[in-house]
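# A closer look at the structure
Residue strings, one per chain:
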Amino acid sequence: MKLTFTCLLTCWLSAAWALGAQAQATGARPAETAGKAILTGRVSSPTTDTIAVSIHDSPFDSSERISYAKLNEKGEFRMIVQVSGSTRADLVYGDAVADLFLDPGTDLDVRFKGEDLPGTVKFKANDVPTGFATRIRNNGNLTDEQRHRQQMANANSYLAEFDEQFVSNDGFQVLPDNIQLYEAPFVSFLDYRIKHERNFLEDRAARQSFTIDFYNYAKAEITYSNANDRLTFPDLREQVVSSEGRMTMTPGYFEFLRDPNLLNDQTAVANEQFQEFLLNYVHYMAAQQKHLRTDPDFYPFCYALASKRLNSTMRLLTLGRILQESFRFGHVRQSAAMLSDFRALDTHKHYLTALETDFGKHKALAIGSLAPDFRLVSAAGDSVKLSSFQGKLVYLNFWKTTNGLCLRDLSYAQDLAKRFEGKNIVFVNVALDEMEIPWRQLVTIKKLPGVHVRAIGGMRSEVAKAYNLSEVPTYILLGEDGTILNPKPKRLSSRAAVDEINQSFGKAGVYSAAVAQLPTPASAAK
């Protein structure tokens, strides 16, 4: 239905209230826009000559599909991005990233300053009349295609405004400061945040038109980011606040999980925050039944639990997330059994191929398998071979001197080395820096403890490939026999790292033996 501009002026407020400020769905779009989103625009004072859009097509594939465009001499660009439906994406310029929301028929004019993409980006719909006089001349009429373009411009403008007001504002984030709060003030903080975020969305939805897909996406982002923060607060606080023990929550703290709509929101299925919430929920329910992540049967139990509690696409997505976690924590026998069960469930193979590929990548790093050996040059200039440390526990730390999180962990690494001085453990730090001199200087000047070596080629090195590294820091704990004891040990900065290391002495082979006796996923949660 088309509305004149005069009608919009007189009817908009009452219509918005009647619709509950819901988004207006788009009409049909011409066939030539099917499967395409178009971005044109200009970068002021460009700092590099290439702009990109990055999309994750599968929730289980870490690789990105990237579309590039070159800027001309005026800083202008034009890009066509293939999209099969509504999807979140990243606009990338140099090291800066801004959120995007695209769908077939999106046609945006994008402008920003080269030195500040997130803070200056502006969106406008291409080929849509703007301004009061222009609308009067056109009687306020827009084609379905123009209306859709305007809705997508509104959506992306909303994302930029939301980021500035809430995401980039530390006062609305759990980290770094609000994690220090106790239960009552933390709940008050979340209540305050979600109220303001929802008001922000409803205000924008009342004043602007969104597609129903975007409105549902934005609503789910708010609902499930807050639900995730509440659900994971006790665990995260225990990790970060090292001066205190784990907080005991009041009986009513987790009552919000009883809301049936929280687990069965069909409009949020494709939202990453919702998927993360479902996984965290399964972890919580397993913990309530005394199953801990350190238990050999933790992932089969979670898999069986999700199979019973969830339905349809939500079940498949959550089972896939559980599978990926089990791959990355090295539980190959359980993973193989669960993956076999998943094959029978994912009859249309929506997710199976990506999961099988991921399983293949992690098989070599399973608990009990021999850690890939390497020989690298140390900061002192001598040659160091990993296998020469057999007979000791080995705490492997893959890091970079240019990574803030790695640098933050340095002080904790020094403290751990002092705590275990004289014990049967060695801390081997593998730098993935491209440049040798800054790394060598940092190790030497700071007198960093442990063994320090560098893998030439960084993340492209043979060592990085052998250990399937995709990010730093990455930690791996090896048993005295050189086999992988824990592919995801507690972080150096975690207060639980000391206990975990103490409990690992002499455990080489014990965990993998326990895994070999586990029940199948189908019987794990009976």
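Residues numbered from 1 in each chain as written. Predicted model: local features only at pLDDT ≥ 70, side-chain atom pairs only at ≥ 80, totals over all residues. Heavy atoms only, no water.

## So, the confidence of the model for the chain
Definition in use: Confidence scores per residue from the predictor, reported as pLDDT, run from 0 to 100. Whether two residues are in contact is decided by their heavy atoms, any of which lying within 4.5 Å being enough.
For the chain, the mean per-residue pLDDT works out to 88, and 89% of the residues sit at or above 70. For the stretch residues 1-32, pLDDT sits under 50, and the model shows 54 contacts to residues farther than four places along the chain or on other chains. Within the model, pLDDT remains below 50 along residues 522-526, and this stretch shows eight contacts once partners closer than five positions in the same chain are excluded.

## Considering the nonpolar core
Test applied: Among buried residues, the Ala, Val, Leu, Ile, Met, Phe, Trp, Tyr and Cys ones that are joined through side-chain atoms within 4.5 Å form a nonpolar core. Buried residues are those whose accessible area, probed at 1.4 Å on protein chains only, stays under 20% of the maximum for their type, while exposed residues exceed 50% and partly exposed ones sit between those limits. Where helices and strands are cited, they refer to DSSP runs of H or I of at least four residues and of E of at least two residues respectively, numbered from the N terminus.
By size, the foremost hydrophobic cluster in this structure holds 53 residues, and its most contacted members are Y224, L257, F277, I322, L323, F342 and L355. Looking at this core, the elements with two or more residues in it are α5 (183-207), α6 (212-240), α7 (260-263), α8 (272-288), α9 (298-309), α10 (312-328), α11 (332-345) and α12 (352-362).

## Digging into the pattern of salt bridges
Put simply, the rule reads: Definition used for salt bridges: Asp or Glu carboxyl oxygen within 4 Å of a side-chain nitrogen of Lys or Arg.
Within this structure, the stated rule accounts for 29 salt bridges. One salt bridge connects R149 with D127, and the closest N-O pair in it is separated by 3.6 Å. Of this pair, R149 sits in helix α4 (residues 144-167) while D127 sits in the loop between β8 (122-125) and α3 (132-137); the two residues are 22 residues apart in sequence, bridging distant segments of the chain. Since its relative accessible area comes to 10%, R149 is described here as buried. Looking at D127, the relative accessible area reads 59%, which means it is exposed. Each of D107, D127, E145 and R149 takes part in salt bridges that share partners, so that together they form one network.

## Some remarks on unusual backbone geometry
Put simply, L175 and P176 share a cis peptide bond, and its omega is 10°. Relative to the helices and strands, P176 is located in the loop between α4 and α5. That bond from V472 to P473 is cis: its omega, -5°, falls within 30 degrees of zero. Along the chain, P473 falls in the loop between α15 (462-466) and β14 (474-478).

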